[in-house]
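Residues per chain are reported as follows:
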Amino acid sequence: MTLRSNLTAALSLLGPWLCLSQLPACTNKKPDVPVVVPAAVTAKADKAPAAESKSDFKITADRFADVRILRYRVAGFDKLSKQQKLALYYLQQAALSGRDITYDQRYAHNLQIKRTLEAVVRSPGIDKSSKPYEALLSYLKRVWFANGIHHHYSSKKMLPEGLSAEDFAALVRSADASLLPLDSGQTKEALIAQLTPLLFDPAIAAKAVNKDPGQDAVATSANHFYVGLTKEDVERYVKERTVSDDPTPISVGLNSQLVKSGSSFEERPWRVGGMYGAALSECVAWLQKAMEVAETPTQRDALGRLITFYRTGSLEDWDRYSVAWVEDTTSKIDLIHGFIETYGDPMGLRGTYEALVQIEDDEATKRMHTLSGQAQWFEDQSPIDAQYRKPNVVGVSARVIEAVMGAGATSPTMPGGINLPNAPWIRQQHGSKSVTIGNVLAAIDEAERDNGVLEEFGAGSRELERAKENASLARALLIDLHEVIGHASGRLAPGISGANETLRQYASPIEEARADLVALYYLLDPKLVTLKLMPSLDVGRAAYDAFVRNALLVQLARVSLGDDLEEAHMRGRQMIAHWALEQGAADSVIEKVSRGGKTYFAVRDYVKLRKLFGKLLAEVQRIKSQGDFESARELIESHGVKVDRELHKEVRARYAVLNVAPYTGFIQPELVAVMNGSEIADVKIEYPDDFAAQQLRYSERFSFLPVRN
Ligand SMILES: [Zn+2]
């Protein structure tokens, strides 16, 4: 599964991280989760100066509707060999070549609508200072952001705001006819008449994915996965195709459109020569080039299998590729490319096109190795009861990567982590790759510091200074300790079953709290300074401040008024902070402060707070080790679920004033080939800063599909 960046944005704001190792494949599905450019947009006007230094790199690039657009850097790019850079360049081209597919999968008319709107923006004769034009551009940005006319998160159709049907018609009339996606013989008026209801009638194609239990999820969803089918039809089709007791079942329906004709079904596979063939053959051509410069034979073999899959459309070939991909663990460069996640299909069968080009994050990987190399030391020093310590603990291997660029469903919104492949049998027999995307999360983190949340909720000037100095490293170490040491630590009492069985609905919040507590306990240990993982314990103090602030205040902003906490990480966090607040009350370890009608929580005694975290860790470990359901229930229900209604109202009101965009997307870095005659002499990385210009550039170069597929 891919963990979407809106989600991680929320979590990074709340506390920091999203736990990857605890997410089983595809059972905890979160669906995916846009700013103002100058009115005049030209396709090539946005190259950021190449010499932009790290300190002046502008993270936030745009803000529109409910969206903000950020930029991210690829720090490791300059250290790569020419061959590696070349491979990345080819993979970028392969990724972008399929981008039209995502639009068409989401709605049959997306490409036609997008190209019409782009034609208006590109036409030289249009008045780019008029209100209707600005409204159209703003709408087009939302379409780009969502890869179609349906909201990327709610999947509801987005109506153009501030643009009337008459304005739209007038703009299309003034557009350059040669740029419009006109069918042969079609007039502008006919195109306008065709598109107007699609854009302006809220009843037509109201939702891309309709999950209303009272309605037919297939017949009433506007996506382009099914034509003329009902839910029952799809169920029948799946049943017919499923082989019972198959130990290696294919992912039925993953790569095709299903069309009903009469009483039979026609499957239109997405492959070279089939549906989306024009885009896929471009992908294949670039993947072949990438094969020539692959880093290892294993990687070359995997790319070859991916090409085979795009040629045959056979799902057995897809599985062969997935196995080869998951077994390629030594290459520095990696690629995700294909029909991967099935959130866009109400039946959860058909995969939306996505691509992500990535490299290993050296610095973070080194940090992880340092930690996992010390796993036994951490286990031996743990405040948990000796009988629950593991005599031979192995740190969970976790990897951090840097995204180089994404396309299709991984752009402009991006995942913060990836845990693939999705096929359960491949995960069981061959394992899975679970990575966090360090540079994307770091960009979100940096943007969070610009948006005023810290100033609003921070308890005092020392806390703010400490956060500004140390927050990034504090967050990274918290995640690393949680993943590498936390989840790996501790063992069950003899004869006791796993937490899912014994603690049932409290298993996840207890396990997340346990991993957090391990991380918190060691974040204030001088050992981390000795290991050169942090320059001073101030990093740990900043982590404590952030944890308490997020758990008791900021995370409430994402919960609707009147609701309790539901999500496991949120429950776990509040439980820890609330318990410590209560237990340390006599010593004022954490102090509740009211100032100017606002509530703050200030950590007053870090050493005592660490002791409390240790004490709670011992108890939580005991609960897990003994499978003590009653104590788990008591701890979570009394500290992790209920929300103080007055405080909740206050937090939501303070947060609303900050006007933080709920959703985050990214401008992608661009790899540019430096030519020497017909040879690529070098590959450069550029960081454009104009969202609209990038989208127009992409459309100009990577539109391989017709408007109707
Ligand atoms: Zn976790």
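Residues numbered from 1 in each chain as written. Predicted model: local features only at pLDDT ≥ 70, side-chain atom pairs only at ≥ 80, totals over all residues. Heavy atoms only, no water.

### Focus on the confidence of the model for the protein
Now for step 1: With 92% of its residues at a pLDDT of 70 or more, the protein shows a mean pLDDT of 90.
Now for step 2: Every residue in residues 5–18 is under pLDDT 50, and counting partners more than four places away or in other chains gives 58 contacts. (pLDDT = per-residue confidence, 0-100. Contact = heavy atoms within 4.5 Å.)

### Topic: the packing of helix H21 (residues 538–552) against helix H23 (residues 606–626)
Now for step 1: It is at 11 Å that the axes of H21 and H23 come closest, and there the two elements cross at 65 degrees. Here H23 runs roughly perpendicular to H21, going by the angle between their axes. In this structure, the crossing between H21 and H23 has a hand that is left-handed. Listed contacts from H23 to Arg541, Tyr544, Asp545 and Val548 of H21 are Tyr606, Leu609, Arg610 and Phe613.
Now for step 2: When grouped by side-chain class, the residues that make up the contact of H21 with H23 number 5 nonpolar, no polar and 3 charged. (Axes fitted to C-alpha atoms, helices over the stretch in contact; angles between N-to-C directions. Helix = DSSP H or I, 4+ residues; strand = E, 2+ residues; numbered from the N terminus. Parallel < 35°, antiparallel > 145°, perpendicular 65-115°, else oblique. Left-handed = near helix turned anticlockwise from the far one by under 90°. Nonpolar A, V, L, I, M, F, W, Y, C, P; charged D, E, K, R; others polar.)

### Examining the pairing of strand S5 (residues 256–261)
In summary, the side chains of a regular strand alternate between the two faces of the sheet.
Now for step 1: Relative to S5, strand S4 (residues 226–227) is paired through 2 bridges, and the arrangement is parallel. Paired with Val227 across the bridge in S5 is Val259.
Now for step 2: In terms of handedness, the path from S4 via helix H8 (residues 231–241) over to S5 forms a crossover that is left-handed.
Now for step 3: Of the strand pairs in this sheet, S5 and strand S6 (residues 264–269) are connected by 6 bridges, and their pairing is antiparallel. Counterpart to Gln257 in the pairing with S6 is Arg268.
Now for step 4: The turn linking S5 back onto S6 is made up of 2 residues, and Gly262 within it adopts a positive phi angle of 65 degrees. (Pairing = 2+ DSSP bridges. Right-handed = clockwise from strand over helix to strand, strands pointing away.)

### Observations concerning the pattern of salt bridges
Now for step 1: Scanning the entire structure with this criterion turns up 40 salt bridges.
Now for step 2: With a shortest N-O distance of 4.0 Å, Lys608 and Asp587 are connected by a salt bridge. Of this pair, Lys608 sits in helix H23 while Asp587 sits in the loop between helix H22 (568–583) and strand S12 (590–595), and the two are 21 residues apart along the sequence.
Now for step 3: The class of Lys608 is partly exposed, set by a relative accessible area of 35%.
Now for step 4: The exposure class of Asp587 is partly exposed, given its relative accessible area of 47%.
Now for step 5: Residues participating in the shared-partner salt-bridge network are Glu456, Lys598, Glu650 and Arg654. (Salt bridge = Lys/Arg side-chain N within 4 Å of Asp/Glu carboxyl O. Buried < 20%, exposed > 50% of the residue type's maximum accessible area, 1.4 Å probe, protein only.)

### A closer look at the packing of aromatic side chains
Now for step 1: A complete count under the given rule lists 27 aromatic pairs for this structure.
Now for step 2: Between Trp318 and Tyr321, the ring centres sit 5.3 Å apart and the planes meet at 40 degrees, which makes this aromatic pair tilted. Of the two residues, Trp318 and Tyr321 both sit in helix H11 (residues 315–327), 3 residues apart, roughly one turn of that helix. The pair Trp318 / Tyr321 is uniform in exposure class, with both members buried.
Now for step 3: Every member of this aromatic cluster is reached through a ring pair, and the members are Phe225, Trp270, Tyr276, Phe309, Tyr310, Trp318, Tyr321, Phe339 and Tyr353.
Now for step 4: The cationic tip of Lys527 hangs over the ring face of Trp377; the distance from NZ or CZ to the ring centre is 4.4 Å.
Now for step 5: The ring of Tyr600 has Arg654 sitting right over it, with the charged end atom 5.0 Å from the ring centre. (Phe/Tyr/Trp six-rings, centres within 6.5 Å; stacked < 30°, edge-to-face > 60°. Lys NZ or Arg CZ within 6 Å of the ring centre and 35° of its normal.)

### Some points on empty space enclosed by the protein
Now for step 1: Put simply, the second largest cavity is a space of about 100 Å³.
Now for step 2: What lines the second largest cavity is Ala87, Leu91, Ala290, Ala294, Gln299, Ala302, Leu303, Tyr321, Trp325, Asp328, Asp334 and Leu335.
Now for step 3: Every element with two or more residues in the lining of the second largest cavity is listed here: helix H2 (82–97), helix H10 (297–312), H11 and strand S7 (333–341).
Now for step 4: Considering each element in turn, the lining of the second largest cavity owes the most residues, 3 residues, to H10. (1 Å grid on protein atoms, 1.4 Å probe; cavity = no way out; pocket = protein on both sides within 12 Å on 5 of 7 lines; lining within 4 Å. Points joined across faces, edges and corners; volume = space filled by probe spheres on them.)

### Quick notes on the sheet that holds strand S14 (residues 663–667)
Now for step 1: In space, the 3 strands of this open sheet follow the order S2-S3-S14, with mixed pairing throughout. A single partner strand is all that each edge strand has here, and the edge strands are strand S2 (60–64) and S14. Across the sheet, the mean angle from the axis of one strand to that of its neighbour is 25 degrees, orientation sign disregarded.
Now for step 2: Across 5 bridges, strand S3 (residues 67–71) lies against S14 in parallel orientation. Opposite Ile69, over in S14, you have Gly665 as the bridge partner.

### Side note on the packing of helix H19 (residues 507–523) against H21
Now for step 1: Contact pair H19 / H21: the axes reach a minimum separation of 9 Å and the direction vectors enclose 140 degrees. In terms of orientation, H19 lies oblique with respect to H21. For the pair H19 and H21, contact is made by Asp516, Leu520, Tyr521 and Leu523 and by Gly540, Ala543, Tyr544 and Phe547, respectively.
Now for step 2: Per-class residue counts for the contact of H19 with H21 are 6 nonpolar, 1 polar and 1 charged.

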